[in-house]
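Residues per chain are reported as follows:
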Amino acid sequence: RDAAVSFACLQLDQFIKLYGEDGGCDEGPSYWGHAAASLFDCLCILSDLTNGAFDKLFHEPLVRNLGEYICHAHIGGAKFANYEDAHFHFRVSYDLVYRFGQKIQSRMMEQLGVALYRLYIREDGGTLKTTPNTHAHYRYMRQLCSFAELDAAGEGAFPLEESAFLPQLEMIAERQAGGSTQGLYLSAKAGRNNISHNHNDIGSFMLFSDGCPALVDIGSGQYTSKTFSDRRYEIFWTTGAYHNLPVFNGVDQKVCTEKETRGVSYEKHEGVTVFSADIAHCYPVSAGVTDWRRTFTFDRPRACVRLEDKGVLAGEHNTVQWMFLSPLCPEVTADGVLLRVEGGRDVRMTVPAGLAIDVQEVSTENDPALEEGWGKCLYRTVVSAETGTEAQAEFVFEQV
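Bear in mind that the values here come from a model prediction, so they are computed numbers and not experimental data.

*Asks:* Help me out: how do you make sense of the overall build of the chain in this one?
*Replies:* Counting its secondary structure elements, the chain contains eight helices and 19 strands. Computed over its C-alpha atoms, the radius of gyration of the chain comes to 22 Å, within 12% of the 21 Å expected for a compact globule of 400 residues. Along the first, second and third principal axes, the C-alpha atoms of the chain reach 70 × 45 × 45 Å. Among the 400 residues that make up the chain, the fraction classed as buried is 53%.

*Asks:* Help me out: how do you make sense of the environment of Gly156 in this one?
*Replies:* By the element assignment, Gly156 lies in the loop between α7 (147-152) and β3 (163-166). Relative accessible area serves as the criterion here: at 43%, Gly156 is assigned to the partly exposed category. Separated by 42 residues in the primary sequence, Gly156 and Val114 have C-alpha atoms spaced 5.6 Å apart.

*Asks:* What's the story with the state of the cysteines in this structure? I'm lost.
*Replies:* In a disulfide, the sulfur atoms of two cysteines are held together by a covalent bond. With the rule as written, the count across this model stands at zero disulfides. Free cysteine: Cys212, not disulfide-bonded; nearest cysteine sulfur from Cys329 at 18 Å.

*Asks:* Hey, could you run me through the side chain of Asp85 in this one?
*Replies:* Looking at the secondary structure, you find Asp85 in the loop between β2 (79-80) and α4 (94-104). Those residues in contact with Asp85 that lie beyond four places of it in its chain are Glu27, Ser30, Tyr31, His197, His199, Ser220, Tyr223, Phe228, Arg232 and Trp237.

*Asks:* Teacher, can you tell me more about the pairing of β3 here?
*Replies:* Side chains on a regular strand alternate between the two faces of the sheet. Every second residue of β3 is oriented toward a common face, the buried set being Ala164 and Leu166 and the non-buried set Ser163 and Phe165. Across four bridges, β3 lies against strand β4 (residues 171-175) in antiparallel orientation. By the bridge assignment, Ser163 is partnered in β4 with Glu174. Taken together, β3 and the strand that follows it, β4, pair antiparallel across an intervening segment of four residues, in which Glu170 is found at a positive phi of about 60 degrees.

*Asks:* When you look at the sheet that holds strand β7 (residues 212-215) in this model, what are you seeing that I'm missing?
*Replies:* One key point about sheets: their strands pair by backbone hydrogen bonds, in either a parallel or an antiparallel sense. In space, the five strands of this open sheet follow the order β3-β4-β5-β6-β7, with antiparallel pairing throughout. Looking at the sheet topology across the chains shown, the edges are occupied by β3 and β7. Averaged over all adjacent pairs, the angle separating strand axes in this sheet is 15 degrees, with direction ignored. Inspection of the sheet shows β4 paired to strand β5 (residues 184-189) by five bridges, in the antiparallel sense. Residue pairing for β5: Ala173 is matched across the bridge by Ser187.

Basis of the calculations
Residues numbered from 1 in each chain as written. Predicted model: local features only at pLDDT ≥ 70, side-chain atom pairs only at ≥ 80, totals over all residues. Heavy atoms only, no water. Helix = DSSP H or I, 4+ residues; strand = E, 2+ residues; numbered from the N terminus. Rg over C-alpha atoms; globule rule 2.2 N^0.38 Å. Buried < 20%, exposed > 50% of the residue type's maximum accessible area, 1.4 Å probe, protein only. Disulfide = S-S within 2.5 Å. Contact = heavy atoms within 4.5 Å. Pairing = 2+ DSSP bridges. Axes fitted to C-alpha atoms, helices over the stretch in contact; angles between N-to-C directions.

Read these as geometric descriptors, not functional statements.
Encoded structure:
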């Protein structure tokens, strides 16, 4: 038994070393349950076996950050920022979030756990549906023992942080006002294109209006043998061209073993958040881009989000295409695009004058996982520009 516990601790140490100080899960929030939450299971088991001797580890800042990542990735209701292979529709282990919060004394996690519990009961028609967890028996047994406490915890309101920045993961989450889904919500990322369950999506973002999707991350399709082979990036939903990113001269992002982003910065002052990174190194030489700074500005006083791209290209004649992915059919207008948001206020995307706008359907019918999340299709708005060695464009998003 001593040998088994020692070996388990060694493995947990190796797992923790994979994380930055911010505790961000680079596989996306639907994998949090297999990652930080599994670490929590293991620490609980160790404490159970040793009369609480491992409880002191719950006071470690990294363990706290590993837990609270799920709060930073929460958009509203049952929605989470589903980067990489995360699905848009998935259920978080509400009781585990609650118990994790108790152990690390995080009121934010406790609130999220209770609010999700109440939400899932309503979604299930008043009686919560539970399925035995065949690969995590300890977690399932603890879940069965948690219902009375969750019932006694009251209704619970979602914590809904106004602003979050994870410096090692290089991800932001910004909303108009803390504690409310009303207004715009922006999540954006930098980071690396050489991670587990990777999508080539550095610089991508998602935008919600009143808690409802306007621009989205496609997430993961159905897993096949191809998904985890050397042909992974032949699958369209892993590529940069199907994320909210620019494509240069018909070439999108690549996998690179080095750190691709440069000069990542984050500032918040008087209600205005600015997040910026040079993403040029995420593209191969054939794309012909040598410098490309992408800047997101969440301007709360003016209730808008601005996306500015500015860069230098190698050739004299270049084509830049900006991709915007949405579950809503965009309406092309005189000054840009209108997204009629289901359940929230519509979003107007102002496009620089003179740029061509094309709307394309992205079929999901041959992929059960994508169809479950998005229905029969998504829509990709392609904004195109012909340019010389320098290029610049600003897109403004506002509720209407």
